[in-house]
Amino acid sequence: MRLRLVKQQTAFDFFEKWKFWLGLSALLVVLSIASTVTQGLNFGIDFKGGTTIRAESSTPINVAAYRQAIEPLALGDVSIAEVFDPSFRDDQHVAQIRIQAQDGQEAVASDVVAQLETTLRNIAPDIRFPSVESVGPKVSGELIKSAVLAVVIAIAVVLIYIWLRFEWQFALGAVGALVHDVILTIGIFSALQIKFDLAIIAALLTIVGYSLNDTVVVFDRVRENLRRYKKKDLSEVLNLSINETLSRTVMTSVTTLLALISLFVLGGDVIRGFVFAMIWGVMVGTYSSVFVASSTLLRLGVKRDWSKPSNTDGNQFANLDA
Amino acid sequence: MLHIEGWKRVVIWATCALGLLFALPNGFYGQVESYNDAQEVGEEVTGWPSFLPSGLVNLGLDLRGGAHLLGEVKLEEVYTTRLAGFWPEVRNALRKERATIGAIRQQEGGAGELVVRIGNPEKMDRAVDVVQTLARPVASLTGGMTDDIVVTAFGNNLIVSLSEAEQLATDQRTMAQSLEIIRRRVDEAGTREPTIQRQGNDRILIQVPGLGSAQELKDLIGVPALLTFQTVVGRSNNPNGASGVGNELLPAADNPDLYYILDRTPVVTGEELTDAQPSFDQNGRPAVNFRFNTSGARKFGQYTTDHVGDPFAIVLDDEVISAPVIEVPITGGSGIITGNFDVAESTRLATLLRAGSLPASLEFLEERTVGPELGQDSIDAGKIACLVGFAAVLIFMFLSYGTFGIFANIALLINVGLMFGLLSMIGATLTLPGVAGIVLTIGMAVDANVLVFERIREELKTAKGPARAIELGYEKALSAIVDANITTFLTAAILFIMGAGPVKGFAVTLGLGIITSVFTAIFVTRALVVIWFERRKPKTLEV
């Protein structure tokens, strides 16, 4: 007996409520943008400059006492948060301290760190600092620029690739789904105020890759079915293609999520934000390849007759191995 | 019909075997690491058979612990120094023309400028011409030759600055020198496998695994370590006091209220040292012993012979470390620097002096320290997560596809092996996001197999017989596999090009993971299926 997450033959109508799904996506996109604009992102030091210090002690972390001790140093905006993780030992108490970039300093200020370490040693003598990271404002500015550029270039390259291999309507559909995924991911980081750093950009680009992977598989089937069923409506063909690939879509999402969730639970707190972004991205990406990419394709319409090569629409890259 | 030619099978299995062979050393990490270390220093090597590959996946700083620094070299400082050194030449040339251009006087200039006030501004053209004749040719970017200096007139002032071509050439030299000196200093400190890289125009990235803190690294490379021996003209308590022409006012290192007035021109500099060692003075206090080269020894001997009874200053990076009185001429070419040191400081000073001084100062833009325990914690957590995720995927695949699931699982195991093999072969660095990349690849690697298996299921409904269904399944799933993976690979490539540090490591594992997973899905799983099919020759097929 095989485990089957999706019945052998499905005939869901994915476009019956397309207005609802596109509306929902649009709403989520708007909410994401609104959240990002109003409460902003909780930028890590990679993008904002400043210093983060990870402090470990065998006595419980007293955030208030730490804050009080650090206050007289006048370091500006200081955030102290206790970190919890199932993998910690019983006597392992971890705090994450973040200091803003000090005014008028292009470079990192090590004396500030030294001061802070001494101060904290007074309260918790056995305190250790397993990681200290400082990024100067100059570098963080450049990092944010190159990060934005990376995401934009990735989307552009994908747009061109899909356009070469399929048709422009497919490319727009896929990119619509990608932008949707990226915005929703940024949105949830803003809504939950999870630290947004360089690793999250890597996660974003992976989401771009994953979501695309999904979309391309559906589109590939659409292309095939368009050739096979020349008389059927586009919406019928799309529905059929999504249903045919549904089992695979679910399988792949589940295996990927299995791996990611084990990393989320067991992988330690250092990469938890990163893994969270990917889990969210896989879910959103799977959803969007069906409901955003295909709905967009349906709205845009598509050339039907794939059997005859046309000079105007497809091109020489479209049939490389199909 | 369902057939793979013999030579193809050989290639497929040979590739797998080779990949796994290269991955093998990672299973014995500590052993191979000490073997490699021993081999590097040319010791007798044991503990690892020499016929096996010994490449390892490097662990990034976030996994191994260590210090990371990004420094910016202040290139303009060198321009200023260069022009200051040019001044005597300019002065001599202009003095000969005193009759026409009048008295000349050096002015305070901006960075990278030498400013000279001309007594008779009407004859400025003449002054400019005279200074211009001092220019030396340099190769310019466009291939032709240009002058190394630019001379302009601004009111009464004649301004000399370096030409663009000369600035570029100077920058190249400064960066090369800085890298060399930093490398020497880090090597002197005896740490293993440091990474010292130039980044962009004026930046240097330094990563030293296993170092306790970035501060330690900064102490080692963050100071110019310019040592000079200078004549003491006088002392002062006023930090803003006048020092007089050709002199400079420098603070004492061990006394905040004391300033020395020194002759700007050094008697001897650290450039002329051949050796420096930490030691102790006659009172048992930490000190540094040094030795001059021949010309340095001669100059120093001459000077101390002429100035017995006078104080002279030992200056390090614009601070007077000590200003002893010359009691007897020092002609042996060696001496001792005493000051307010502890043992660690004297050791460091000796290291710095041996390695030489940096041509320009460094400003640190980014520093990261990760403790080795945190790195180890991350590795442990990553390992457990990998194993659990892996097991979950294996079980899930078996439950979903039965026998075919087992084939996919074997392929997945080979896939991870190949990934480590490739990573070791290219000497890639595994970072924490890289570990996440591996876990993600484990999840995604089965995708190609899933695509094929689902397709086979579909084809079984219509095709004639299982062999045809399998064949069609592979054939028709191929375009989806190729398109899906190429697009993901493109994003990995962009990440690699645009990303910094740990993100790059993630991109590498992701990219390699895509290559190996496509290989294993298209070739390895297929070969397994074909072998199975040839033996069993099933009449019906359940996938």
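A few words now on the overall build of chain A. If you tally the helices and strands in chain A, you get nine helices and six strands. Reported as C-alpha extents along the three principal axes, the dimensions of chain A are approximately 80 × 50 × 35 Å. Taking contacts inside chain A between residues at least 6 apart in sequence as the whole, the part at least 24 apart equals 80%.

Another point: the overall build of chain B. Per the secondary structure count, chain B includes 14 helices and 21 strands. The C-alpha atoms of chain B give a radius of gyration of 34 Å, which is well past the 24 Å a tight globule of 543 residues would have. Counting across all 543 residues of chain B, residues that qualify as buried make up 41%. In chain B, once contacts between residues fewer than 6 apart in sequence are set aside, the share between residues at least 24 apart is 68%.

Our next topic: the domain arrangement of chain A. Residues and elements named next belong to chain A. In terms of domains, chain A is made up of domain 1 (18–43 + 140–300) and domain 2 (50–135). Every contact between the two is made by four residues of domain 1 and, on the other side, four residues of domain 2. Its residues assigned to classes, the side of domain 1 that touches domain 2 comprises one nonpolar, two polar and one charged.

Before going further, it helps to examine the interface of chain A and chain B. Listed by partner, the interface residues are 63 residues for chain A and 64 residues for chain B. Counting only elements with at least two residues in the side of chain A that touches chain B, the list comes to β5 (128–135), α5 (137–165), α7 (198–228), α8 (234–266) and α9 (272–300) of chain A. Classifying every residue of the side of chain A that touches chain B by side-chain character gives 37 nonpolar, 16 polar and 10 charged. Note: β5 of chain A against strand β20 (residues 362–370) of chain B, five bridges, orientation antiparallel.

With respect to the helices, strands and loops of the structure, L374 of chain B is situated in helix α11 (residues 372–425). Given 22 C-beta atoms within a 10 Å radius, L374 of chain B is considered buried. Separated by 311 residues in sequence, L374 of chain B and L63 of chain B place their C-alpha atoms 7.5 Å apart. Residues in contact with L374 of chain B, not counting those within four places in the same chain, are R54, P130 and S131 of chain A together with G65 of chain B.

This part covers the sheet that holds strand β2 (residues 66–73) of chain B. Taken in spatial order, the eight strands line up as β3(A)-β4(A)-β2(A)-β5(A)-β20(B)-β2(B)-β10(B)-β9(B) in an open sheet, and their pairing is antiparallel. Edge strands, defined here as strands with exactly one partner in the open sheet, are β3 (78–83) of chain A together with β9 (195–199) of chain B. Strand-to-strand twist of the sheet, defined as the mean angle between neighbouring strand axes without regard to direction, takes the value 15°. Packing of α5 of chain A onto the sheet brings it into contact with β5 of chain A together with β2 and β20 of chain B, and relative to β20 of chain B it is tilted by some 75°. Helix α8 (residues 214–221) of chain B rests against β5 of chain A together with β2, β10 (203–209) and β20 of chain B of the sheet, and its axis sits at about 40° to β2 of chain B.

Before going further, it helps to examine the domain arrangement of chain B. Often the size quoted for an interface is simply the accessible area lost on bringing the parts together. Entries for chain B in the domain assignment read domain 1 (6–23 + 54–62 + 371–536), domain 2 (66–179 + 187–199) and domain 3 (223–358). Between the C-alpha centres of domain 2 of chain B and domain 3 of chain B there is a distance of 27 Å.

All names here are of chain A. Although it is not a glycine, Q193 adopts a positive phi angle of roughly 55°. With respect to the helices and strands, the residue Q193 is situated in the loop between α6 (168–191) and β6 (195–196). A tally of 12 C-beta atoms within 10 Å means that Q193 is categorised as exposed.

Helical periodicity: at 3.6 residues per turn, an α-helix aligns residues three or four positions apart in one direction. Residues and elements named next belong to chain A. End to end, α8 covers 45 Å across 33 residues, agreeing with the expected 48 Å (1.5 Å per residue, within 8%). A bend of about 45° at T245 is the largest found in α8. At the exit of α8 stands G268, carrying a positive phi of roughly 90°.

With 91% of its residues at a pLDDT of 70 or more, chain A has an overall mean of 84. In this model residues 308–314 of chain A is a low-confidence stretch, pLDDT under 50, and it forms four contacts with partners more than four residues away in sequence or in other chains.

What follows is about the packing of α7 of chain A against α8 of chain A. Residues and elements named next belong to chain A. The contact between α7 and α8 brings their axes to 9 Å, and the two run at 135°. Considering their axes alone, α7 and α8 lie oblique with respect to each other. Two packed elements cross with a definite hand, and for α7 against α8 that hand is right-handed. Residues D214, V217, V218, R221, V222, N225 and L226 of α7 lie in contact with α8, whose contacting residues are V237, L238, L240, S241, I242, E244, T245, R248 and T249. Classifying every residue of the contact of α7 with α8 gives eight nonpolar, four polar and four charged.

Here the focus is the pairing of β2 of chain B. Residues and elements named next belong to chain B. A large share of β2 lies buried, amounting to eight of its eight residues. Because side chains alternate across β2, one face comprises the buried residues G66, H68, L70 and E72, and the other comprises A67, L69, G71 and V73, equally buried. Summarising the sheet, β2 and β10 pair through seven bridges and their orientation is antiparallel. Looking at the pairing, A67 lines up with V208 of β10. Summarising the sheet, β2 and β20 pair through eight bridges and their orientation is antiparallel. Looking at the pairing, G71 lines up with F364 of β20.

Calculation notes
Residues numbered from 1 in each chain as written. Chains lettered and ligands numbered in written order. Predicted model: local features only at pLDDT ≥ 70, side-chain atom pairs only at ≥ 80, totals over all residues. Helix = DSSP H or I, 4+ residues; strand = E, 2+ residues; numbered from the N terminus. Contact = placed C-beta atoms within 7 Å. Rg over C-alpha atoms; globule rule 2.2 N^0.38 Å. Buried ≥ 20, exposed ≤ 12 C-beta atoms within 10 Å, placed from the backbone. Domains from an automatic or database assignment. Nonpolar A, V, L, I, M, F, W, Y, C, P; charged D, E, K, R; others polar. Pairing = 2+ DSSP bridges. Axes fitted to C-alpha atoms, helices over the stretch in contact; angles between N-to-C directions. Expected span 1.5 Å × (residues − 1). Bend = angle between axes of the 7 residues up to and from the residue. pLDDT = per-residue confidence, 0-100. Parallel < 35°, antiparallel > 145°, perpendicular 65-115°, else oblique. Left-handed = near helix turned anticlockwise from the far one by under 90°.

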